[in-house]
Amino acid sequence: MVEAIVERPLVRKISSKGQVSIPKAWLEDRGFSEYATITFTEEGILVKPIELSDNDEFDALILRDLIAQGLQGEELVSAWAVEKKVLRDGIASYHGNLVAHVDAADVNPDLDDLFGC
């Protein structure tokens, strides 16, 4: 069971893209930098910081996570292929949305529309 460190919960609106903002001070105080793991638990969603070394690549991080889940051999290869497709599709979707805003001559697009801020 995970206990909340914060005494008073913070209420945030979930954006139309399913995103929730976390105060920067909270992230910095808890050691977050560029990446985090997100896990569904019985109590909700657990977000934990990940510290990457200079030698780490994002794909190595995903592979380590799959291995930590106990995957190996062909099962690991299959799961890695699925993860790569999800990443590529996500990047393509993000790029397409960004291009659509620029193509619509929306010089100052709403940050909420672009990034869910």
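Conventions used here
- Residues numbered from 1 in each chain as written.
- Predicted model: local features only at pLDDT ≥ 70, side-chain atom pairs only at ≥ 80, totals over all residues.
- Heavy atoms only, no water.
- Buried < 20%, exposed > 50% of the residue type's maximum accessible area, 1.4 Å probe, protein only.
- Helix = DSSP H or I, 4+ residues; strand = E, 2+ residues; numbered from the N terminus.
- Arc of directions from axis to C-beta.
- Pairing = 2+ DSSP bridges.
- Core = buried A, V, L, I, M, F, W, Y, C linked by side-chain atoms within 4.5 Å.
- Contact = heavy atoms within 4.5 Å.
- Patch = residues over 30% accessible without salt bridge, like charges linked within 9 Å, V, L, I, M, F, W, Y side chains within 5 Å.
- Areas by Shrake-Rupley, 256 points an atom, 1.4 Å probe, with all protein chains shown as cover.
- Salt bridge = Lys/Arg side-chain N within 4 Å of Asp/Glu carboxyl O.

**Section: helix H2 (residues 58–68)**
(1) Moving on: Within the sequence span of H2, burial applies to Leu61, Ile62 and Leu66. Down the axis, H2 shows its buried residues gathered within 135° of arc, on one side only.
(2) Moving on: Immediately downstream of H2, the backbone of Gly70 shows phi near 95°, a positive value.

**Thoughts on the pairing of strand E2 (residues 45–50)**
(1) Moving on: Sheet topology places strand E1 (residues 35–40) next to E2; six bridges connect them, and they run antiparallel. When the sheet's bridge partners are listed, Phe40 is paired in E2 with Ile45.
(2) Moving on: In this antiparallel pair of consecutive strands, E1 and E2, the connection spans four residues, and Gly44 shows a positive phi of 150°.

**Some words on the environment of Ile22**
(1) Moving on: Considering the arrangement of structural elements, one finds Ile22 in the segment before helix H1 (24–29).
(2) Moving on: Owing to a relative accessible area of 37%, Ile22 belongs among the partly exposed residues under this scheme.

**Observations regarding the nonpolar core**
(1) Moving on: In terms of nonpolar packing, the biggest core is built from six residues, these being Ile62, Leu66, Leu71, Leu76, Ala79 and Trp80.
(2) Moving on: Among the elements of the structure, H2 and helix H3 (73–103) are those that each provide at least two residues to this core.
(3) Moving on: It is H3 that provides the largest number of residues to this core, a total of three residues.
(4) Moving on: In this view, Ala79 contacts Leu66 and Leu71; residues no more than four positions away in its chain are not counted.

**Here's the deal with a nonpolar patch on the surface**
(1) Moving on: The grouping of Leu10, Ile22, Trp26, Ile38, Phe40, Ile45 and Val47 at the surface amounts to a nonpolar patch, some 690 Å² of accessible area in total.
(2) Moving on: Of all the secondary structure elements, the ones that give two or more residues to the nonpolar patch are E1 and E2.
(3) Moving on: Take Val47: it is sitting in strand E2.

**Here we look at the pattern of salt bridges**
(1) Moving on: For the structure on display, the rule yields one salt bridge.
(2) Moving on: Between Lys24 and Glu28 there is a salt bridge, and its shortest N-O distance comes to 3.9 Å. Here Lys24 and its partner Glu28 are both found in helix H1, four residues apart, which amounts to about one turn of the helix. For the pair formed by Lys24 and Glu28, the shared burial category is exposed.

So far we have only geometry, and geometry alone does not tell us how the molecule works.
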